[in-house]
Amino acid sequence: MAETPVFQIVGYKNSGKTSLLSDLIAYGTDRGEKVAAIKHHGHEEPLKVMHLDTDSYRLHESGAFMTGVDSPRRFQLELSHEDDFPLTQLVNIYQHFSPDLIAVEGYKQEDFPKAVIIKREEDLPLLEQLSNIQLVICWDERMVDQVSFPAVSLREWRKRLPEVYRLAKEGA
């Protein structure tokens, strides 16, 4: 099984991670690629069960730690666990489905190739704290010249998607 490239988009809360990752996924999908997504939910409140009042919900609530539902065009998986899964373990699960790219939102401290979103000047220390930075996405165009990494202004993001997608697929 060939190793699928993994690319993260990280930044602080409300920096635009989901929007930018959605654009990247849509770009790849529009070109016939299979792009998988992993989102880190770093908030204290628990996730809501996806299948409330369904048979799968009943099976989950009866004590199954893992519940999968397969239909002709969709598979859903509900997995309960005490501690956070390491991103590498989730990537290993995703690899079994042979995606062309695994796009990850969050998991700042992981070592996969990543784009870092800098919304405000106070976010700049992220560039010293994180590893494997391939790209910086700046909300303020004046900051693009201040960073030592390849940078894209938010205004240029959609125009530069072909280049960013290529970077994501190449990895480090």
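Here we summarise the structure given alongside this text. Source: prediction; values computed, not measured. (Residues numbered from 1 in each chain as written. Predicted model: local features only at pLDDT ≥ 70, side-chain atom pairs only at ≥ 80, totals over all residues. Heavy atoms only, no water.)

### Side note on the overall build of the protein chain
Item 1. For the protein chain, the count of helices and strands is six helices and eight strands.
Item 2. Going from the N terminus to the C terminus, the protein chain shows its helices and strands as β-α-β-α-β-β-α-β-β-α-β-α-β-α.
Item 3. With respect to the principal axes defined by its C-alpha atoms, the protein chain has extents near 55 × 35 × 25 Å.
Item 4. Each of the 172 residues in the protein chain was classed as buried or not, and the buried ones make up 37%.
Item 5. Considering only intrachain contacts with a sequence separation of at least 6, the fraction spanning at least 24 residues in the protein chain is 55%. (Helix = DSSP H or I, 4+ residues; strand = E, 2+ residues; numbered from the N terminus. Buried < 20%, exposed > 50% of the residue type's maximum accessible area, 1.4 Å probe, protein only. Contact = heavy atoms within 4.5 Å.)

### Section: the pattern of salt bridges
Item 1. One pass over the full model with this rule turns up ten salt bridges.
Item 2. A salt bridge links D140 to R142, with the nearest nitrogen and oxygen atoms 2.7 Å apart.
Item 3. When the shortest N-O distance is used, the salt bridge between E163 and R160 registers 2.8 Å.
Item 4. When salt bridges that share partners are traced, they join E141, R155, E156 and K159 into one network. (Salt bridge = Lys/Arg side-chain N within 4 Å of Asp/Glu carboxyl O.)

### Structural notes on helix α1 (residues 17-30)
Item 1. Compared with the 20 Å implied by 1.5 Å per residue over 14 residues, the 20 Å span of α1 between its first and last C-alpha is a close match.
Item 2. By the burial criterion, the buried members of α1 are K17, L20, L21, D23, L24, Y27 and G28. Take α1 and look down its axis: the buried residues cluster within an arc of 155 degrees, on one side only. Of the exposed residues in α1, those oriented more than 90 degrees away from the buried face are S19 and D30. (Expected span 1.5 Å × (residues − 1). Arc of directions from axis to C-beta.)

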